[in-house]
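Descriptive structure summary
What follows is each chain in one-letter form.
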Amino acid sequence: MKAAVCRIGVFTSGGDAPGMNAAIRAVVRASLHYGIECIGIRRGYHGLLNGDFTRLDFESVSDISRRGGTMLYSARSLEFIEEAGRNKALATCKLLGMDALVGIGGDGTFKGLLSLANNGISVIGVPGTIDNDIACSSYTIGYDSACNIALESIDRLRDTMKSHERCSVVEVMGHRAGYLAYSVGIACGATVVLVPEREVNFEQDVIEPIRRARLGGRTHFMVIVAEGVPGGAYQVADQIRNATALDTRVTVLGHVQRGGSPTSRDRMVATYMGYEAVKLLAEGKTCRVVAMKGDDIVDYDITEALSMSKGLDKLSETVARAMTGVSDDKMI
Ligand code: F6P
């Protein structure tokens with residue numbers, strides 16, 4: 001089969017995520033498999049409109065799957081939002097003879113791809129973000145690694161909080177979503193998990209679980225707060241201190257969650273998704289987002305994907321509450 005495209009530009013955009021390198025490698029190797037050339041665009045859309053590229057061959061992506069970050073760098077471009085910026089990006093595609101683009105990133109990346117499509121360029125999005133907040137996909141590249149990195153830090157924190165009988169309030173990333181917070185909270189056995197999708201009833205959602213844990217004999221407490229919760233970890237800690245007089249400490253994990261070697265799951269998912277992106281292009285498809293549905297790799301029309309919403313992770317909420325002893329009748 002002769003591939004429907006001849007030269008793919010691949011780039012990473014938005015916040016980086018562990019596993020992006022594995023996705024780049026997969027795009028390059030799959031391209032070669034289909035007889036397609038591959039060019040790496042550095043610094044996302046910023047690089048695309050400034051013609052910042054590097055040629056990628058089989059060897060240039062060797063030994064990168066196990067590395068965190070992205071070998072192509074990442075950036076957020078304000079210039080690309082303007083029509084003039086997009087025209088510069090299209091001019092780069094024309095100059096380099098790129099008839100296809102694979103963008104690895106989040107919803108912003110996919111919107112950008114859509115704005116470049118229908119100009120003789122086929123586009124495919126691959127979901128890469130530690131937030132797992134892309135509606136069409138049950139999983140995004142980087143999520144598992146970020147959960148594990150956060151978990152490792154929280155396990156360490158627990159040792160010292162236990163010694164000093166303190167309350168630890170840990171803020172995890174996640175943008176405006178609580179997926180990361182729920183996964184980390186459930187895995188570490190948190191006393192409380194707060195997410196932006198659910199308004200906080202402080203007495204019921206924070207103080208009561210702490211009280212119940214104390215009555216059960218516990219003298220240290222772990223409270224996980226998603227960064228999108230209004231006021232963040234510092235405000236929650238102040239409220240806990242005022243309400244309970246517990247010795248309370250705040251840890252904001254921040255960008256440490258985006259670094260480090262990707263887990264096996266992220267390397268695997270990234271490789272399958274990267275391969276799928278190229279396969280779709282080779283078959284003549286365009287304007288698709290590669291996604292996961294259960295254990296399957298699927299794809300959606302970009303416009304349809306962008307119109308979907310994911311909402312609160314209800315199962316995780318139920319499980320998190322059950323694990324901290326909140327009975328069903330207190331469920332909202
Ligand atoms: O989207 C990934 C993410 O790490 C979010 O969790 C966080 O809100 C944001 O990016 C941080 O962005 P920046 O790297 O620009 O500080």
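Quantities reported herein were computed from a predicted structural model and do not represent experimental measurements.

Quick notes on the rules
Residues numbered from 1 in each chain as written. Predicted model: local features only at pLDDT ≥ 70, side-chain atom pairs only at ≥ 80, totals over all residues. Heavy atoms only, no water. Pairing = 2+ DSSP bridges. Helix = DSSP H or I, 4+ residues; strand = E, 2+ residues; numbered from the N terminus. Axes fitted to C-alpha atoms, helices over the stretch in contact; angles between N-to-C directions. Contact = heavy atoms within 4.5 Å. Buried < 20%, exposed > 50% of the residue type's maximum accessible area, 1.4 Å probe, protein only. Near = heavy atom within 4 Å. Polar contact = N/O pair within 3.5 Å; in protein donor to acceptor, adjacent residues only side chain to side chain. Areas by Shrake-Rupley, 256 points an atom, 1.4 Å probe, with all protein chains shown as cover. Core = buried A, V, L, I, M, F, W, Y, C linked by side-chain atoms within 4.5 Å. Salt bridge = Lys/Arg side-chain N within 4 Å of Asp/Glu carboxyl O. Disulfide = S-S within 2.5 Å. Patch = residues over 30% accessible without salt bridge, like charges linked within 9 Å, V, L, I, M, F, W, Y side chains within 5 Å.

Section: the sheet that holds strand β7 (residues 192-194)
Strand order in the open sheet made by the four strands is β7-β8-β6-β9, with parallel pairing throughout. Edge positions in the sheet fall to β7 and β9 (248-252), since each of these pairs with one other strand and no more. Adjacent strand axes in the sheet meet at a mean angle of 15° when their direction is disregarded. Where strand β6 (residues 167-172) and β9 come together, five bridges link them in parallel fashion. Within β9, the position partnered with C167 by the bridge is T248. Helix α5 (residues 143-164) rests against β6, β8 (221-226) and β9 of the sheet, and its axis sits at about 165° to β6.

Quick word on unusual backbone geometry
Most peptide bonds are trans, and most residues other than glycine sit at a negative phi. Here Y73, not a glycine, exhibits a phi torsion of approximately 60°, which is positive. For E165, which is not glycine, the phi torsion reads 50° and is therefore positive. Take E165: it is sitting in the loop between α5 and β6. By relative accessible area, which is 45% here, E165 ends up partly exposed.

Quick notes on the site of the ligand
Around the ligand, the neighbouring residues are R76, T129, I130, D131, M173, G174, H175, E227, H255 and R258. Contacts to the ligand include R76, whose side-chain N or O atom sits 3.0 Å from an oxygen atom. A distance of 2.9 Å is found between an oxygen atom of the ligand and a side-chain nitrogen or oxygen belonging to H255. Surface burial for the ligand is 71%, taken as the share of its 400 Å² of free accessible area covered by protein chains.

Let's talk about the nonpolar core
Ranked by internal contacts, the top residues of the largest apolar core, which has 82 residues, are I8, V102, V169, V223, I224 and I240. Not counting residues within four places of it along the chain, the set of residues in contact with I240 comprises C167, V169, F202, V206, I210, V223, A245, L246 and T248. Grouped together as the second largest cluster of nonpolar side chains are 27 residues, C93, L96, L101 and F110 included.

So, the sheet that holds strand β4 (residues 100-105)
Read from one edge of the open sheet, seven strands run β3-β2-β1-β4-β5-β10-β11, paired in mixed fashion. Each end of this open sheet is capped by a strand with a single partner; those strands are β3 (53-55) and β11 (296-301). Each strand of the sheet is rotated relative to its neighbour by a mean of 25°, with strand direction disregarded. Two elements, strand β2 (residues 37-41) and β3, share three bridges in a ladder whose sense is antiparallel.

Focus: the pattern of salt bridges
In this structure the tally under the stated criterion is 19 salt bridges. Put simply, E37 and R55 hold a salt bridge, and the shortest N to O gap is 3.0 Å. Residue E37 is found in strand β2, and its partner R55 is found in strand β3; the two are separated by 18 residues along the sequence. Residue class for R55 comes out exposed when judged on its relative accessible area of 61%. In this structure, the salt-bridge partner of R288 is D299, at a minimum N-O distance of 2.7 Å.

Remarks on the state of the cysteines
Put plainly, two cysteines are in a disulfide when a covalent bond ties their sulfur atoms together. Counted by the stated rule, this structure contains zero disulfides. Between C188, a cysteine without a disulfide, and C147, which holds the nearest cysteine sulfur, the sulfur-to-sulfur distance is 11 Å.

Notes on a nonpolar patch on the surface
A cluster of nonpolar side chains, namely I186, L315, V319 and M323, defines an oily patch on the protein surface of about 390 Å² accessible area. A total of three residues in the nonpolar patch trace back to one element, the largest contributor, which is helix α11 (residues 314-323). When you line up the elements, I186 lands in helix α6 (residues 179-188). You can call I186 partly exposed: its relative accessible area is 33%.

Re the pairing of strand β10 (residues 288-293)
The sheet contact formed by strand β5 (residues 122-127) and β10 spans two bridges and is parallel. If you follow I124 over to β10, its bridge partner there is R288. Bridge count for β10 against β11 is six bridges, and the pairing is antiparallel. Each residue of the ladder has a partner; that of R288, found in β11, is D301. Hairpin remark: β10 followed by β11, antiparallel, with two residues in the connecting loop; positive phi at G294, about 60°.

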